[in-house]
Amino acid sequence: MGWVETRRRRTSLGPGSRPCDVCGSEDVSLTESRRVRQGLDRLNPAFKAEARRYELCAGCGSKREPA
Ligand SMILES: [Zn+2]
């Protein structure tokens, strides 16, 4: 199933709203993750590059919903 894997592109949108809940690090960034069109998606007219936003901690890698 590896050939249909979904790739996502991450874009940093700036600093997060508050320190990490898990490890307390202040190195948290608001991140947008967007699907990258590839493979069969190129033939799919219904493809949507849905974007998700979350806050990502650089210290422990945890994600949470943006405030
Ligand atoms: Zn953390």
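Residues numbered from 1 in each chain as written. Predicted model: local features only at pLDDT ≥ 70, side-chain atom pairs only at ≥ 80, totals over all residues.

Asker: Tell me about the environment of Arg 34, and please be specific about residues and values.
Answerer: Here Arg 34 lies in strand 2 (residues 28–35). Take Arg 34: there are 15 C-beta atoms within 10 Å of it, and that puts it in the partly exposed class. Between the alpha carbons of Arg 34 and Glu 50 there is a distance of 5.9 Å; along the sequence they are 16 residues apart. Apart from residues no more than four positions distant in its own chain, Arg 34 is found in contact with Arg 8, Arg 9, Ala 49 and Ala 51. (Helix = DSSP H or I, 4+ residues; strand = E, 2+ residues; numbered from the N terminus. Buried ≥ 20, exposed ≤ 12 C-beta atoms within 10 Å, placed from the backbone. Contact = placed C-beta atoms within 7 Å.)

Asker: Tell me about the environment of Arg 35, residues and numbers included.
Answerer: Mapping Arg 35 onto the fold places it in strand 2. Taking the C-beta count within 10 Å as the criterion, Arg 35 has 16 such neighbours and is therefore assigned partly exposed. The spacing of Arg 35 and Arg 18 is 17 residues in sequence and 26 Å in space, taken between C-alpha atoms.

Asker: Please set out the confidence of the model for the protein chain residue by residue, giving values where relevant.
Answerer: Close reading of the predicted structure is inappropriate where its pLDDT is low. In the predicted model, the protein chain carries a mean pLDDT of 88, and 91% of its residues have values of at least 70. Looking across the protein chain, the model is least confident in strand 1 (residues 8–15), with a mean pLDDT of 93, and most confident in strand 4 (residues 63–64), with 96. (pLDDT = per-residue confidence, 0-100.)

Asker: So, the pairing of strand 3 (residues 51–57): which residues are in play, and what are the values?
Answerer: One ladder, built from seven bridges, connects strand 2 with strand 3; its direction is antiparallel. From the neighbouring strand, Val 28 faces strand 3, where its bridge partner is Cys 57. As judged from the two bridges shared by strand 3 and strand 4, these two strands associate in the antiparallel manner. The partner of Leu 56 across the bridge, within strand 4, is Lys 63. In textbook terms, the turn of a hairpin is the stretch between consecutive antiparallel strands, and for strand 3 and strand 4 this stretch comprises five residues, one of which, Gly 61, has a positive phi near 85°. (Pairing = 2+ DSSP bridges.)

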